[in-house]
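Examination of the molecular architecture
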Amino acid sequence: QVQLVESGGGLVQPGGSLRLSCAASGRTYSMAWFRQAPGKEREFVAAHTLSAESTYYAVSVKGRFTISRDNTVNTVYLQMTGLKPEDTAVYYCAAGTPSFPRIGLADFEYWGQGTQVTVSS
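What counts, and at which threshold
Residues numbered from 1 in each chain as written. Predicted model: local features only at pLDDT ≥ 70, side-chain atom pairs only at ≥ 80, totals over all residues. Heavy atoms only, no water. Helix = DSSP H or I, 4+ residues; strand = E, 2+ residues; numbered from the N terminus. 1 Å grid on protein atoms, 1.4 Å probe; cavity = no way out; pocket = protein on both sides within 12 Å on 5 of 7 lines; lining within 4 Å. Points joined across faces, edges and corners; volume = space filled by probe spheres on them. Nonpolar A, V, L, I, M, F, W, Y, C, P; charged D, E, K, R; others polar. Core = buried A, V, L, I, M, F, W, Y, C linked by side-chain atoms within 4.5 Å. Buried < 20%, exposed > 50% of the residue type's maximum accessible area, 1.4 Å probe, protein only. Lys, Arg positive; Asp, Glu negative; His and termini not counted. Salt bridge = Lys/Arg side-chain N within 4 Å of Asp/Glu carboxyl O. Polar contact = N/O pair within 3.5 Å; in protein donor to acceptor, adjacent residues only side chain to side chain. Contact = heavy atoms within 4.5 Å.

**Observations regarding unusual backbone geometry**
In this structure, proline 101 follows phenylalanine 100 across a cis peptide bond, with omega equal to 10°. By the secondary structure assignment, proline 101 is in the loop between β9 (89-96) and β10 (108-111). Positive phi is not limited to glycine here, since asparagine 74 has a value of about 50°. Tracing the backbone through its elements, the reader meets asparagine 74 in the loop between β7 (65-70) and β8 (75-80).

Encoded structure:
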């Protein structure tokens, strides 16, 4: 069993930055961040392979967000810069075994409770 605990969400002005953290307990997996805005489907944001050799990003966040992981403490991070109002969503950490580069919701068995990110002036 894997437990994921996210932290770091909050309210930020457009153009600002936030760093999300996801602490995992139990077995290690490839990790990813997804987000879900009100009235929209949950969408992929970024992923980091278990081996820590490769990262993947959604087109909408590439160049602004950076995913990283520290396997010594089994934690994955999402550094978000240049935030826009359209980045407002609940952000979820997920752990699983996707067949990269194909990444889908069904590939992730474990999910965190989510953390709210609101970008507004």
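**A few points about empty space enclosed by the protein**
The tally for this structure, following the rule as stated, stands at one cavity of 30 Å³ or more. The space that makes up the largest cavity amounts to roughly 30 Å³. Surrounding the largest cavity, Cys22, Ala24, Met31, Arg69, Asn71, Asn74, Thr75 and Val76 form its lining. Elements supplying a minimum of two residues to the lining of the largest cavity: β3 (18-25) and β8. A class-by-class count of the residues in the lining of the largest cavity yields four nonpolar, three polar and one charged.

**A few points about the nonpolar core**
The biggest cluster of nonpolar side chains holds 34 residues, and the ones touching the most others in it are Leu4, Trp33, Leu78, Met80 and Tyr91. Looking at this core, the elements that each hand over two or more residues are β3, β4 (30-36), β5 (43-48), β7, β8, β9, β10 and β11 (115-119). The leading source of residues in this core is β9, at five residues.

**Description of the side chain of glutamate 6**
Among the structural elements, glutamate 6 can be located in strand β1 (residues 3-7). The buried charged residue glutamate 6 lacks any salt bridge, with arginine 42 as its nearest oppositely charged partner at 7.6 Å. Among the polar contacts listed, one links the side chain of glutamate 6 to the backbone nitrogen of glutamine 113, at a separation of 3.0 Å. Here the side chain of glutamate 6 touches glycine 114 through a polar contact of 2.8 Å, landing on its backbone nitrogen. Every residue in contact with glutamate 6, bar those within four places of it in the chain, is listed here: Ser21, Cys22, Trp33, Tyr91, Tyr92, Cys93, Gly112, Gln113, Gly114 and Thr115.

The values reported here are purely geometric and, on their own, carry no functional implication.
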